[in-house]
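# Notes for the structure review
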Amino acid sequence: MGQQAPAASPTSLTLGWLLKELVTTRLISPATARQFVEPRPAKGGAAQHPLVILGNQEWPDPRTPGRTLNLETLTLWLAQRAALPYLRIDPLKLDMASITEAVSYAYASRCGILPVQNTPTGVVFAVKDPFDVHWLRDLELGIKLPIKRVFANPLDIDRYLVEFYAIARSVKLTGQERAGGPAELRNLEQLTELSRAGKLTAEDQHVVAIVDWLLQYAFDSRASDIHLEPRRETGNVRFRIDGVLHDVYQFPAPLMPAVTSRIKILARLDIAERRRPQDGRIRTRSPDGKEIELRVSALPTAFGEKLVMRIFNPNVLAHDFGRLGFSADESAIWRRMISQPHGIVLVTGPTGSGKTTTLYTSLKELATTEVNVCTIEDPIELIDGSFNQMQVQSNIDLNFADGVRALLRQDPDIIMIGEIRDKETADVAVQAALTGHLVLSTLHTNDSPSAITRLLELGVPAYLIRATLIGVLAQRLVRTLCPECKAPVEINPASWKALGVGEVIPMPKTVYAAGGCLECRQTGYRGRSGVYELMLLNAALQTAIGENPDVSNLRQLAAAAGMRPLRQAGAAKVIAGLTTVEEILALTPDPAER
């Protein structure tokens, strides 16, 4: 039989018993308990769980100054009191397809339980009432497997009960009822309204419900990318969170074409075209009502079309450079570079290093009412009303170079070119800078000095680089340590030596190491921050730019002019307790190998 509640415990959880126990364990005072007035339930609404009612009071937690007795804190306390394991439900770690087969939704909802693990060796249920065991015997007879109970946040149980079973039902029924054909989609700015996952009903179109849930699930998980990968037997769904991919769900293979078609409709792609790569975009809302842009890429593979959706939160445009990871000195240098009346400023780094966010944040700051800011992009990743944006259209031979030529006839002050990838684009960027415009663009190079040699490889003459290039910013995104579980440790001299910054930055005695907690899904990291290398050209660097310059000499001159290499910038973040030596070593180029 499953675990039994302690003998002194009640047969069911009540508000009165909870208040009495909180006083007994000295979490609240008797006076606080006497002054508490139970709120009246909303008319026609379901009664609130006792823990939710008390968690809403946010009484101070006497055990930890500055903390409150919120719902999660009370859930952990009650789990210990009831001698049940505590579980913080992480949907990414649950096999939704199997757990929803354990019991029916009606039974789970009636008993206030949620299956969180279903294996041949037993079933684990998260419960809302740690003392109610009336359902255990009947369920053990029906399941004929050992049952284990864990205690979890009651609001999480309510939410995931609806989501998991609604999606499981939609997946099951999709084979019988496919989504309809393409809807009429008129313009780039159309807003796709998603239904809330908590309101999914059997009357919804099942594929629509699945896609709605998938997008909202990604927003809740802080994902930066959604991958839908068709395989022979299944369709895999993965999220990239803080730069790392996580398995999320496996759809039956026959369901993938319907889900893919639904997303392609939302992204205004041709659902009949499955042989060519396609790019599109979706503009929608997160569960809390914030508008979010998704860039959609479809790629034909052996088992069908693979979709990748990159999620862009428009709120990043409101961030200052400090929020992106710039130090005060770096912010000042960068603002000096982008405040010049004319010339070229480049941002370099690999795919996914945050170049787009840096450029858009810079344009947002530059786009005042006194200037005309224009962009040519492939594709437009974030639409903003502060500047004029044009998209490359390869089907009508509108490339970057042609786009810049057209923009030059629009009386621009500042031009942003999505990427300089060929000689023609590099030439028009240089001409735009020479004719009095500020040009911002990106390149794919490992560091800032290498941008000069890359321009030379593209065929830009050295004298034009000297005349137009203002500076280069190289960047990387590193995972930041979870503030809830990071812990100070003694520095490993070998790892610090591997950074190669010992001559410039003394080795600290202690640094912070990644731990692992519920807030960061046991990874030790939560969020990402930029690491930057800014090279502002001075007279010495301009003189060194020849037809075949020595890159190592350029690096030395840039360092003498104040450029802090990526690894030095990363080391500063390690000392500040924001990240680890291992993250910096993994994501920044080794100076010895360049």
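### Some remarks on the environment of Ile265
Structurally, Ile265 is set in helix 10 (residues 256-266). Distance in space between the C-alpha atoms of Ile265 and Leu215 is 14 Å, their sequence separation being 50 residues.

### What to know about the packing of helix 1 (residues 15-24) against helix 4 (residues 71-81)
Look at helix 1 against helix 4: their axes get within 12 Å of each other, and the N-to-C directions meet at 85°. Classed by the angle they form, the pair helix 1 and helix 4 counts as roughly perpendicular. For the pair formed by helix 1 and helix 4, the contact residues are Trp17, Leu18, Glu21 and Leu22 on the first element and Leu74, Trp77, Leu78 and Arg81 on the second. Partitioned by chemical class, the residues of the contact of helix 1 with helix 4 number 6 nonpolar, no polar and 2 charged.

### Some thoughts on unusual backbone geometry
The phi dihedral of Glu58 falls on the positive side, at around 50°, and the residue is not glycine. Residue Ala83 is not a glycine yet carries a positive backbone phi of 60°. With respect to the secondary-structure elements, Ala83 resides in the loop between helix 4 and strand 1 (86-87).

### A closer look at the pattern of salt bridges
The full count for this structure, using the stated rule, is 27 salt bridges. Ionic pairing is found between Asp242 and Arg222, a salt bridge with its closest N-O pair at 3.2 Å. Pair noted here: Asp242 is in the loop between strand 6 (234-241) and strand 7 (244-252) and Arg222 is in the loop between helix 9 (206-220) and strand 5 (225-230), with a separation of 20 residues, a long-range link. One salt bridge in this structure joins Glu229 and Arg231, with 3.8 Å as the shortest N-O distance. The class for Glu229 is buried, based on a relative accessible area of 4%. Within the structure, one salt-bridge network assembled from shared partners comprises Arg159, Glu163 and Asp220.

### Re the pairing of strand 14 (residues 414-417)
Side chains Ile414 and Met416 project from strand 14 onto one buried face, and the interleaved Ile415 and Ile417 project onto a second face that is buried too. Both strand 12 (residues 373-377) and strand 14 contribute to a ladder of 4 bridges, which runs parallel. Bridge pairing in strand 14 links Thr375 to Met416. Looking at chain direction, strand 14 and strand 15 (residues 438-443) are connected through 4 bridges and run parallel. Looking across to strand 15, one finds that Ile417 is bridged to Ser441.

### Concerning the confidence of the model for the chain
Across the chain, the average pLDDT comes to 86, with 91% of residues at or above 70. In this model residues 1-7 is a low-confidence stretch, pLDDT under 50, and it forms 20 contacts with partners more than four residues away in sequence or in other chains.

### Points about helix 21 (residues 566-575)
In terms of burial, helix 21 is a largely internal element, 8 of the 10 residues being buried. Among all positions of helix 21, only Leu566, Arg567, Gln568, Ala569, Gly570, Ala571, Lys573 and Val574 are buried. Those residues of helix 21 that are buried are in contact with helix 12 (328-338), strand 16 (469-481), helix 18 (493-499), strand 18 (510-513), strand 19 (525-536) and helix 22 (581-587). Gly577 sits one or two residues past helix 21 and shows a positive phi near 80°.

### Comments concerning the sheet that holds strand 4 (residues 147-152)
The mixed open sheet is built from 4 strands, whose spatial order is 1-4-3-2. Both edges of this open sheet fall to strand 1 and strand 2 (113-119), since each of them pairs with a single strand only. Pairing between strand 3 (residues 122-127) and strand 4: 5 bridges, direction parallel. Bridge pairing in strand 4 links Val127 to Phe151.

### Here we look at the pairing of strand 19
The element strand 19 is extensively covered by neighbouring structure, given that 9 of its 12 residues are classed as buried. Alignment of strand 16 against strand 19, held across 10 bridges, turns out to be antiparallel. By the bridge assignment for strand 19, Gln475 is matched with Tyr532.

### Regarding the environment of Gly322
Topologically, Gly322 is positioned in helix 11 (residues 321-324). Here the alpha-carbon distance between Gly322 and Ser529, two residues 207 residues apart in the chain, equals 9.9 Å.

### Things to note about the nonpolar core
If you look at the biggest cluster of nonpolar residues, it comprises 91 residues, and the most contacted ones within it are Trp135, Ile226, Leu228 and Phe239. If one sorts the elements of this core by residue count, helix 9 sits on top with 9 residues. In this structure, Phe239 is in contact with Leu92, Leu214, Tyr217, Ala218, Ser221, Ala223, Asp225, Ile226, Val244, Leu245, His246 and Val248, ignoring residues within four places of it in sequence. In this structure, Phe400, Val439, Leu458 and Leu541 belong to the second largest nonpolar core, which totals 38 residues.

### Describing the environment of Thr361
On the secondary structure map, Thr361 appears in helix 13 (residues 355-366). The class for Thr361 is buried, based on a relative accessible area of 3%. In the structure, Thr361 is positioned 41 residues away from Asp320 in sequence and 7.4 Å away in space, judged by C-alpha atoms. Of the polar contacts made by the side chain of Thr361, one reaches the backbone oxygen of Thr357; its length is 2.7 Å.

### Comments concerning helix 12
If you check which residues of helix 12 are buried, you get Glu330, Ser331, Trp334, Met337 and Ile338. The arc enclosing the buried residues of helix 12, seen along the axis, measures out at 125°, which places them on a common side. Among the exposed residues of helix 12, those pointing more than 90 degrees away from its buried face are Ala328, Asp329 and Arg336.

Conventions we followed
- Residues numbered from 1 in each chain as written.
- Predicted model: local features only at pLDDT ≥ 70, side-chain atom pairs only at ≥ 80, totals over all residues.
- Heavy atoms only, no water.
- Helix = DSSP H or I, 4+ residues; strand = E, 2+ residues; numbered from the N terminus.
- Axes fitted to C-alpha atoms, helices over the stretch in contact; angles between N-to-C directions.
- Parallel < 35°, antiparallel > 145°, perpendicular 65-115°, else oblique.
- Contact = heavy atoms within 4.5 Å.
- Nonpolar A, V, L, I, M, F, W, Y, C, P; charged D, E, K, R; others polar.
- Salt bridge = Lys/Arg side-chain N within 4 Å of Asp/Glu carboxyl O.
- Buried < 20%, exposed > 50% of the residue type's maximum accessible area, 1.4 Å probe, protein only.
- Pairing = 2+ DSSP bridges.
- pLDDT = per-residue confidence, 0-100.
- Core = buried A, V, L, I, M, F, W, Y, C linked by side-chain atoms within 4.5 Å.
- Polar contact = N/O pair within 3.5 Å; in protein donor to acceptor, adjacent residues only side chain to side chain.
- Arc of directions from axis to C-beta.

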